[in-house]
Amino acid sequence: MGILCKLGIHQWDGCKCSRCGKTRDKRHSWDGCLCTRCGKTRDEGHSWDGCLCTRCRKTREEGHSWDGCTCVRCGKWRDENHIWIGCKCARCWRTRDEGHSWNACKCTGCGKERHIWELTETYTMDELPEGIQGCLENMCFIEEHVYDKYKCSRCGETMEKRRE
Ligand SMILES: [Zn+2]
Ligand SMILES: [Zn+2]
Ligand SMILES: [Zn+2]
Ligand SMILES: [Zn+2]
Ligand SMILES: [Zn+2]
Ligand SMILES: [Zn+2]
Ligand SMILES: [Zn+2]
């Protein structure tokens, strides 16, 4: 650093001192949104390529290049048009509750778990235990049916199912 620069007397060439390289926020050499001399950017004169300014990398809400849920140009995400492969979106972290790849009780795609129902008992309506007489699975029964009782071997939850 020259002695004059140390004293605060810079050799300004626009926004930059040609001796020490110090910059100031004055007399920039704007080329669109970018100062070609010091690299400062401003929010005008962008060179838009779709949603992205090719000079300063600023993005805008127009002209996205959507590939499903993700803009391939700026990386913006939207919660629509996911590209589902089974239960998972190929472009983002989103999962859905269909298309699971069950490996016994666990989905290998998203990690979701399901009950593993195992038949434990079969009984007719007459034999239904106290407390569950009446309606089962929103179905009121008048006739005599056979009911199967299941228990999940993973978590122990139970359910009854009518067998025609
Ligand atoms: Zn200087
Ligand atoms: Zn500048
Ligand atoms: Zn720009
Ligand atoms: Zn975009
Ligand atoms: Zn997605
Ligand atoms: Zn899954
Ligand atoms: Zn379970």
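Note that the coordinates shown come from a computational prediction; the quantities given were computed from them, not determined experimentally.

(A) View of the coordination of the zinc ion (ligand 1). Coordination of the zinc ion (ligand 1) by the protein is provided by Cys-5 (SG), His-10 (ND1), Cys-17 (SG) and Cys-20 (SG), with metal-donor distances spanning 2.1 to 2.4 Å. Relative to the metal, the four donor atoms surrounding the zinc ion (ligand 1) lie at angles of 98 to 120°, and the coordination shape comes out tetrahedral. Residue Cys-17 is classed as buried on the basis of its relative accessible area of 2%. By relative accessible area, which is 27% here, Cys-20 ends up partly exposed.

(B) Just the coordination of the zinc ion (ligand 3), in detail. Ligation of the zinc ion (ligand 3) by protein atoms is provided by Cys-33 (SG), His-46 (ND1), Cys-53 (SG) and Cys-56 (SG), these donors lying 2.0 to 2.3 Å from the ion. With four donor atoms in place around the zinc ion (ligand 3) and angles of 102 to 118° between them, the coordination shape is tetrahedral. Each donor residue of the zinc ion (ligand 3) lies on one chain, and together they are spaced C-x12-H-x6-C-x2-C. Placement of the pair is Cys-33 in the loop between β3 (30-31) and β4 (34-35) and His-46 in the loop between β4 and β5 (48-49), with a sequence separation of 13 residues. One exposure class covers both Cys-33 and His-46, and it is buried.

(C) Representation of the pattern of salt bridges. This structure, assessed with the given rule, holds 15 salt bridges. Lys-40 is the partner of Asp-25 in a salt bridge, and the nearest nitrogen-oxygen pair spans 3.7 Å. Highlighted residues: Asp-25 in the loop between β2 (16-17) and β3 and Lys-40 in the loop between β4 and β5, separated in sequence by 15 residues. Judged by its relative accessible area of 58%, Asp-25 is exposed. Given a relative accessible area of 34%, Lys-40 falls into the partly exposed group. Between Lys-76 and Glu-61 there is a salt bridge; the shortest N-O distance is 3.2 Å. One end of the pair, Lys-76, is in the loop between β8 (70-71) and β9 (84-85); the other, Glu-61, is in the loop between β6 (52-53) and β7 (66-67), with 15 residues separating them in the sequence. Exposure remark for Lys-76: the relative accessible area of 32% places this residue in the partly exposed category. Taken together, the salt bridges that share partners define one network made up of Lys-106, Glu-113 and Arg-154.

Here is what the cut-offs are and how they apply
- Residues numbered from 1 in each chain as written.
- Chains lettered and ligands numbered in written order.
- Predicted model: local features only at pLDDT ≥ 70, side-chain atom pairs only at ≥ 80, totals over all residues.
- Heavy atoms only, no water.
- Donors = N, O, S within 2.8 Å, 3.2 Å for Na, K, Ca; no water.
- Tetrahedral: all angles 85-135°; square planar, octahedral: opposite > 155°, others 65-115°.
- Buried < 20%, exposed > 50% of the residue type's maximum accessible area, 1.4 Å probe, protein only.
- Helix = DSSP H or I, 4+ residues; strand = E, 2+ residues; numbered from the N terminus.
- Salt bridge = Lys/Arg side-chain N within 4 Å of Asp/Glu carboxyl O.

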